[in-house]
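Each chain, letter by letter, is given below.
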Amino acid sequence: MYVKSFPEVTADLGVKRQVLSDSPELMVVAFRFREEGAEGRLHSHPHVQSTYVESGQFRFTIGGEAFEVGPGDSFVIPSGAVHGCVCLEPGTLIDTFTPRRDDFL
């Protein structure tokens, strides 16, 4: 078994990102929101994304629709969907992307 260690990097103000594992077909990434009000700005990408809320509270917007999530919640963001979030309570999101987000390497 091959285990690779990736550094934690700044993704946005108050947000750190760390790749946890990857292959060409799949990538798992932790986003650590350190403060209330920190944002994952609206964006889109061709990857299908699954998000699991490990801790904290967040307000997500996907395709213009907003909803709140907390620990244990998960959902899928379709390829090309405009999405983003605001941190309501500091915590961690675990995102899985297919295929891998090469821009995160």
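Residues numbered from 1 in each chain as written. Predicted model: local features only at pLDDT ≥ 70, side-chain atom pairs only at ≥ 80, totals over all residues. Heavy atoms only, no water.

Points about the environment of V53
Along the polypeptide, V53 turns up in strand β5 (residues 48-62). V53 sits in the buried class, given a relative accessible area of 0%. A sequence separation of 16 residues divides V53 from V69, and the C-alpha atoms of the two residues are 7.3 Å apart. Excluding residues within four positions of it along the chain, V53 makes contact with F58, V69, G70, P71, G72, D73, T92 and L93. (Helix = DSSP H or I, 4+ residues; strand = E, 2+ residues; numbered from the N terminus. Buried < 20%, exposed > 50% of the residue type's maximum accessible area, 1.4 Å probe, protein only. Contact = heavy atoms within 4.5 Å.)

Points about the nonpolar core
Most often, soluble globular proteins have nonpolar side chains that are buried together. Judged by nonpolar contacts, the single largest core of 21 residues is most densely connected at V29, F31, F33, F58, F60, L93 and F104. Contributing elements (two or more residues each) for this core: β2 (15-23), β3 (26-33), β5, β7 (74-77) and β8 (83-98). With sequence-adjacent residues up to four places away left out, F31 is seen in contact with A11, V15, K16, R17, G91, T92, L93, D95, F97 and F104. (Core = buried A, V, L, I, M, F, W, Y, C linked by side-chain atoms within 4.5 Å.)

Interpretation note: all reported values are geometric properties and have no functional meaning in isolation.
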